Amino acid sequence: MGSIVAIVGAGKLGTTIARLLLAAGYDVRVTSASGPGATGFILDVIAPGARAQAFADAVGEAEVVILALPLSRIRDLDAALLAGKLVLDATNHWESVDGRFEDLAHEVRSTQYVADLLSGSRVVKAFNHLGYHDLDHGARPPGDPARVGMAIAGGADDLARAGEIVDAAGFEPVRLGTIADSAPMEPGGELFGRVASADDIRARAAVPARS
Ligand SMILES: NC(=O)c1ccc[n+]([C@@H]2O[C@H](COP(=O)([O-])OP(=O)(O)OC[C@H]3O[C@@H](n4cnc5c(N)ncnc54)[C@H](OP(=O)(O)O)[C@@H]3O)[C@@H](O)[C@H]2O)c1
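Residues numbered from 1 in each chain as written. Predicted model: local features only at pLDDT ≥ 70, side-chain atom pairs only at ≥ 80, totals over all residues. Heavy atoms only, no water.

Draft legend 1. Representation of the overall build of the protein chain. Of the regular secondary structure elements, the protein chain holds 8 helices and 8 strands. Whereas a compact globule of 211 residues would reach a radius of gyration of roughly 17 Å, the protein chain reaches 16 Å, a difference of no more than 12%. Taking all 211 residues of the protein chain together, 49% fall into the buried category. Pairs at least 24 apart in sequence give 62% of the contacts found in the protein chain among residues at least 6 apart. (Helix = DSSP H or I, 4+ residues; strand = E, 2+ residues; numbered from the N terminus. Rg over C-alpha atoms; globule rule 2.2 N^0.38 Å. Buried < 20%, exposed > 50% of the residue type's maximum accessible area, 1.4 Å probe, protein only. Contact = heavy atoms within 4.5 Å.)

Draft legend 2. Spatial organisation of the site of the ligand. Surveying the vicinity of the ligand reveals 23 residues, the closest of which are A10, K12, L13, S34 and Y132. K12 is positioned with one of its backbone polar atoms (N or O) 3.0 Å from an oxygen atom of the ligand. One of the side-chain N or O atoms of S34 is found 2.2 Å from an oxygen atom in the ligand. Calculation on the ligand without its partners gives an accessible area of 900 Å², and the protein chains cover 79% of this total. Here the shell around the ligand is composed, by residue class, of 13 nonpolar, 8 polar and 2 charged. (Near = heavy atom within 4 Å. Polar contact = N/O pair within 3.5 Å; in protein donor to acceptor, adjacent residues only side chain to side chain. Areas by Shrake-Rupley, 256 points an atom, 1.4 Å probe, with all protein chains shown as cover. Nonpolar A, V, L, I, M, F, W, Y, C, P; charged D, E, K, R; others polar.)

Draft legend 3. Highlighting helix 7 (residues 156-169). Given a rise of 1.5 Å per residue, 14 residues ought to cover 20 Å, and the 21 Å separating the end C-alpha atoms of helix 7 matches this to within 8%. Every buried residue of helix 7 is accounted for by D158, L159, R161, A162, G163, I165, V166 and A169. G170 lies just past helix 7 and shows a positive phi near 115 degrees. (Expected span 1.5 Å × (residues − 1).)

Draft legend 4. Here's a closer look at helix 2 (residues 36-46). Among the residues of helix 2, T39, G40 and L43 are the ones counted as buried. The buried residues of helix 2 occupy an angular sector of 105 degrees when projected down its axis, which confines them to one face. Exposed and oriented more than 90 degrees from the buried face of helix 2 are F41, D44 and V45. Where helix 2 is buried, its residues meet helix 1 (12-23), strand 2 (27-31) and strand 3 (51-52). (Arc of directions from axis to C-beta.)

Draft legend 5. Structural view of the nonpolar core. Of all hydrophobic cores here, the largest spans 35 residues; its most connected members are I7, L21, I66, L88, F127 and F171. The set of elements that each furnish at least two residues to this core consists of strand 1 (4-8), helix 1, strand 2, strand 4 (64-67), strand 5 (86-89), strand 7 (149-154) and helix 7. With residues near it in sequence (within four places) discarded, L88 still touches V64, V65, I66, L67, V124, A126, F127, A162 and I165. A6, V65, L67 and L82 belong to the second largest nonpolar core, which has 23 residues in total. (Core = buried A, V, L, I, M, F, W, Y, C linked by side-chain atoms within 4.5 Å.)

Draft legend 6. Local environment of the environment of E102. The topology assignment puts E102 in the loop between helix 4 (95-98) and helix 5 (110-117). Distance from E102 to S32, taken between C-alpha atoms, is 24 Å for residues 70 residues apart in sequence.

Draft legend 7. Molecular detail of the pairing of strand 2. Along strand 2, 4 of the 5 residues are buried, which leaves the element largely enclosed by surrounding structure. Taken together, strand 1, helix 1 and strand 2 form a β-α-β motif whose crossover is right-handed. Taken together, the 2 bridges between strand 2 and strand 3 define a ladder with parallel strand orientation. Bridge assignment links V30 to a residue of strand 3, and that residue is A52. Each parallel crossover has a hand, and the one from strand 2 via helix 2 to strand 3 is right-handed. (Right-handed = clockwise from strand over helix to strand, strands pointing away. Pairing = 2+ DSSP bridges.)

Below is the structure:
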């Protein structure tokens, strides 16, 4: 495997995804607002094996970048450094974290807002609709009858690789469609917080079998 994944955000979600991908053999780099020194101490305890780096170093070497920071802080990132990368957007418009986020027009999918900010990147929505504790306890290998499904949404050319990352993390990827189809994944949507099989997710989101 050996592929490098950078996670932006070392909080509840970022460190959970780091553990899952470390277990799958990925080389995981993590970057946060407070910098590699403080983040390194956190990772040593809760995601040992992940490497704390400054943003430019972490994303520069990464094939895939996972956004696990508040949605409202994505505009602070240097979009040029993410150009050409596969970016998995795990963020949500969550009022307790982001406040009333005036940048986001009501009718716009939050991942579309992210894709517009990072217009040079290949943005896929993933890892956003399950809580970090469900991710922590829910990972299962392929074929396990208790495997939990995870919806992903983005460009057709990018969903295959995004699905491989989700699969490696221990969840069954379910392709919902493009970012425009991602409303069920958002807070208040049918899939948000739902721990369910891939078949159940397909049925609830009216997605054809084996997507
Ligand atoms: N918590 C969940 O179960 C869950 C599940 C799915 C999706 N999400 C979404 O994931 C995102 C993160 O949630 P969370 O619960 O993990 O939040 P959190 O525990 O508060 O962690 C947020 C992280 O973002 C980092 N950060 C803030 N500004 C940054 C910047 N400009 N550059 C790099 N890193 C920055 C913070 O750095 P410092 O550590 O240095 O402060 C912190 O590590 C949110 O959009 C949330 O809606 C959360």
